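These are the residues of each chain, in order.
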Amino acid sequence: MKRISGDLGNVKLYIDGKEVTRQEIDALDPNKIKNMNINKRTTDGDSSGEIRIETKK
């Protein structure tokens, strides 16, 4: 699995519902990812977008 590359601008990043930093996303073991959603708009309507990752329990 490739790492997220490039400038993410104002994209919001979440792991299991908690907002996290780019470094926390990069440190996440890809084998622990259960689901990942990429949204062009945030859930609050902001157009910057978001990446939401759900990990395996």
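Everything numeric in this text was worked out from a predicted model, so none of it was measured.

> Is there a simple way to explain the overall build of the protein in this structure?
Summing up its helical and strand segments, the protein has one helix and four strands in all. Reading the protein from its N terminus to its C terminus gives the helix and strand order β-β-α-β-β. For the protein, the proportion of its 57 residues judged to be buried stands at 25%. Put simply, the protein shows about 4,300 Å² of open surface, and 47% of that area lies on carbon and sulfur atoms.

> Explain the sheet that holds strand S4 (residues 50–55) here, please?
Working definition: the strands of a sheet are paired by backbone hydrogen bonds and lie parallel or antiparallel to each other. Ordered in space as S2-S1-S4-S3, the four strands form an open sheet in which the pairing is mixed. Each edge of the open sheet carries a strand with a single partner, namely strand S2 (18–20) and strand S3 (33–39). Mean inter-strand twist for the sheet, computed between neighbouring axes without regard to direction, equals 25°. Relative to S2, strand S1 (residues 12–15) is paired through three bridges, and the arrangement is antiparallel. Across the sheet, leucine 13 pairs through a bridge with valine 20, a residue of S2.

> Explanation requested: unusual backbone geometry in the structure shown.
Working note: non-glycine residues mostly have negative phi, and peptide bonds are mostly trans. For aspartate 16, which is not glycine, the phi torsion reads 50° and is therefore positive. Tracing the backbone through its elements, the reader meets aspartate 16 in the loop between S1 and S2. You can call aspartate 16 partly exposed: its relative accessible area is 38%.

> Please clarify how the environment of glycine 49 should be interpreted in this entry.
Tracing the backbone shows glycine 49 in the loop between S3 and S4. A sequence separation of 11 residues divides glycine 49 from isoleucine 38, and the C-alpha atoms of the two residues are 7.6 Å apart.

> What is the right way to read the environment of lysine 56 from this model?
Here lysine 56 lies in the segment after S4. Note on lysine 56: relative accessible area 51%, which makes it exposed. Between the alpha carbons of lysine 56 and asparagine 31 there is a distance of 8.7 Å; along the sequence they are 25 residues apart. With residues near it in sequence (within four places) discarded, lysine 56 still touches Asn31, Lys32, Ile33 and Lys34. A polar contact is formed between the side chain of lysine 56 and the backbone oxygen of asparagine 31, at a distance of 3.0 Å.

Conventions adopted
Residues numbered from 1 in each chain as written. Predicted model: local features only at pLDDT ≥ 70, side-chain atom pairs only at ≥ 80, totals over all residues. Heavy atoms only, no water. Helix = DSSP H or I, 4+ residues; strand = E, 2+ residues; numbered from the N terminus. Buried < 20%, exposed > 50% of the residue type's maximum accessible area, 1.4 Å probe, protein only. Areas by Shrake-Rupley, 256 points an atom, 1.4 Å probe, with all protein chains shown as cover. Pairing = 2+ DSSP bridges. Axes fitted to C-alpha atoms, helices over the stretch in contact; angles between N-to-C directions. Contact = heavy atoms within 4.5 Å. Polar contact = N/O pair within 3.5 Å; in protein donor to acceptor, adjacent residues only side chain to side chain.

By themselves, these figures tell us nothing about what the structure is for.
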